[in-house]
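Observations on the model geometry
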Amino acid sequence: MASHSIPNDNLTLPADWRSKAPALSAVGAVLVLLSVFLFVTISDGGLKGFFHSYLTNYMYCLTFCLAALFFVMVQHLVRAGWSAAVRRIAELYAATIPLWALLFIPILATVLMGSESLYSWNRGAGQGLPEIVENKLAFLNSKFFAVRTLVYFLVFIAAARLFFGSSRRQDETGDAGITLRLQKLAAPGIMLFSLSLNFAAFDWMMSTDPAWFSTIYGVYIFAAGMFSFFAVMILTCYLLQQRGRAERIIRIEHYHDLAKFQFGFIVFWSYIAFSQFMLYWYGNIPEETLWYSHRMSGGWEYVGLLLLAFHFIVPFLAFLRRRHRRWPAWLAGWACLLLVVHWLDMTFLIMPNVGAPSLSMMIAHLAGWAGMVLIFVGLFLWRVGDTPVVAVNDPWLPDSLAYQNLP
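First, a word on scope: everything that follows refers to the structure included in this document.

Criteria and thresholds
- Residues numbered from 1 in each chain as written.
- Predicted model: local features only at pLDDT ≥ 70, side-chain atom pairs only at ≥ 80, totals over all residues.
- Heavy atoms only, no water.
- Helix = DSSP H or I, 4+ residues; strand = E, 2+ residues; numbered from the N terminus.
- Rg over C-alpha atoms; globule rule 2.2 N^0.38 Å.
- Buried < 20%, exposed > 50% of the residue type's maximum accessible area, 1.4 Å probe, protein only.
- Contact = heavy atoms within 4.5 Å.
- Areas by Shrake-Rupley, 256 points an atom, 1.4 Å probe, with all protein chains shown as cover.
- Phe/Tyr/Trp six-rings, centres within 6.5 Å; stacked < 30°, edge-to-face > 60°.
- Lys NZ or Arg CZ within 6 Å of the ring centre and 35° of its normal.
- Axes fitted to C-alpha atoms, helices over the stretch in contact; angles between N-to-C directions.
- Parallel < 35°, antiparallel > 145°, perpendicular 65-115°, else oblique.
- Left-handed = near helix turned anticlockwise from the far one by under 90°.
- Nonpolar A, V, L, I, M, F, W, Y, C, P; charged D, E, K, R; others polar.
- Disulfide = S-S within 2.5 Å.

Secondary structure summary: the chain contains 17 helices and zero strands in total. In summary, the chain has a C-alpha radius of gyration of 21 Å against a globular reference of 22 Å for 407 residues, a match within 12%. The buried share among the 407 residues of the chain stands at 55%. Considering only contacts within the chain whose residues lie at least 6 apart along the sequence, 81% involve residues at least 24 apart. Accessible surface, the chain as shown: approximately 16,900 Å² in total, 69% of it carbon and sulfur.

Printed below as a string of structure tokens:
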């Protein structure tokens with residue numbers, strides 16, 4: 001580990017940011033309620049449309065936090081020194097997962113009450129479901145769904161609390177042994193996380209289309225989550241530094257590495273998306289191609305073309321040049337666009353089950369999106385509180401400060 005003095009930066013959130021957390025969450029909740037009203041009154045979707053929209057916007061935000069948890073564990077697993085300056089921000093995003101577990105209650109409640117608004121398999125056996133869905137009901141039933149959901153959140157929350165709590169203890173004690181323990185726990189943590197994320201993606205998202213199946217679906221959600229997480233990280237670092245926080249600790253080298261990860265997951269997401277599409281197109285099996293058929297007609301095909309352009313081609317070109325990957329303002333601007341594209345991606349996965357897109361549906365869906373994002377920001381600011389945004393006693397921090405990318 002390198003020896004390097006720690007700059008005396010301001011590492012706490014601006015007081016005016018923290019004070020806005022309750023108002024942001026409250027306005028967000030009002031917008032989500034407005035979304036319910038709009039779906040029921042002016043949209044053809046009704047409650048079915050609202051719950052699909054809620055799940056879309058919920059997963060949009062939750063994927064940031066789950067990817068943050070994965071990032072933290074991987075950095076410990078590989079003993080990465082470069083990321084010590086920015087890892088605390090990821091820990092803080094992951095630390096909001098328990099709050100997101102509470103926001104899953106409306107979805108779980110509808111399932112346990114027997115509603116079909118989100119999952120048609122909840123109708124049960126002998127109620128006119130296709131044979132292929134009937135054969136899955138030993139797995140897709142409300143009680144087993146609830147148990148699995150509980151297990152997923154227990155894994156996510158336990159891992160998030162372990163890594164964040166240990167990091168905070170290190171803030172107070174400076175015990176380097178904490179880092180060694182976390183490095184040993186990272187590997188089993190990643191295995192449990194990967195299994196949980198994969199099956200959660202099957203349960204929460206893929207089973208909205210219960211007749212369809214894709215073994216790569218969980219990997220797709222993972223890729224989309226990491227894609228959006230690096231955009232969130234770049235934007236958070238940039239906004240903090242614009243307010244004079246961590247100005248000398250978070251350096252161009254860190255932006256450069258975050259941008260390289262961003263570029264990598266632009267390519268990885270595209271590879272997974274294309275692989276899934278190509279295999280189903282080649283196989284041409286009706287129960288597999290039906291999912292794409294719904295998304296290549298009725299107006300959703302334009303969303304697919306937007307994803308092709310702005311989830312892959314355009315950002316791929318934008319992140320190619322080294323000079324651009326070392327330009328924080330440029331990266332922050334692109335991060336905003338990529339976060340919008342991630343929402344389109346989540347929308348493309350779930351909302352076609354409601355029907356063809358219409359202006360009223362998209363207005364109601366946008367209201368729900370704005371509300372969920374405000375809740376997300378409010379919860380994050382509240383969770384951060386007066387916690388330093390850099391773990392100053394992390395033994396890897398001197399390496400992170402001395403780190404240089406090769407020309």
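Having seen the model, we can carry on.
Right, let's talk about unusual backbone geometry for a bit. Across residues other than glycine, the phi torsion is negative in most instances, and most of the peptide bonds are trans. One non-glycine residue, arginine 79, lies in positive phi territory at about 55°. With respect to the helices and strands, the residue arginine 79 is situated in the loop between helix H3 (46–77) and helix H4 (87–94).

Turning our attention to the packing of aromatic side chains. Summed over the entire model, instances satisfying the criterion amount to 46 aromatic pairs. Ring centres of phenylalanine 50 and phenylalanine 51 lie 5.3 Å apart, and the angle between their planes is 65°; this geometry places the pair in the edge-to-face category. One exposure class covers both phenylalanine 50 and phenylalanine 51, and it is buried. Lying over the aromatic face of phenylalanine 139, arginine 148 brings its terminal NZ or CZ to 3.7 Å of the ring centre. If you follow arginine 148 out to its NZ or CZ, it ends over the ring of phenylalanine 144, 4.4 Å from the centre.

Taken N-terminus to C-terminus, the directions of helix H11 (residues 252–283) and helix H15 (residues 328–350) make an angle of 30°; their axes are 12 Å apart at the nearest point. Of the possible angle classes, the one that applies to H11 and H15 is roughly parallel. For the pair H11 and H15, the crossing hand works out as left-handed. Residue-level contacts link Ile252, Tyr255, Ala259, Gln262 and Trp269 of H11 to Pro328, Leu331, Leu338 and Asp345 of H15. Broken down by class, the residue content of the contact of H11 with H15 amounts to seven nonpolar, one polar and one charged.

Within the element layout of this structure, serine 360 appears in helix H16 (residues 359–384). The exposure class of serine 360 is buried, given its relative accessible area of 17%. The contacts of serine 360, once residues within four sequence positions are left out, are Ile42, Ser43 and Asp44.

The tally for this structure, following the rule as stated, stands at zero disulfides. Cysteine 61 carries a free sulfur, and the closest cysteine sulfur to it, the one in cysteine 65, is 7.5 Å from it. Between cysteine 336, a free cysteine, and cysteine 237, which holds the nearest cysteine sulfur, the sulfur-to-sulfur gap is 14 Å. The exposure class assigned to cysteine 336 is partly exposed, which follows from its relative accessible area of 38%.

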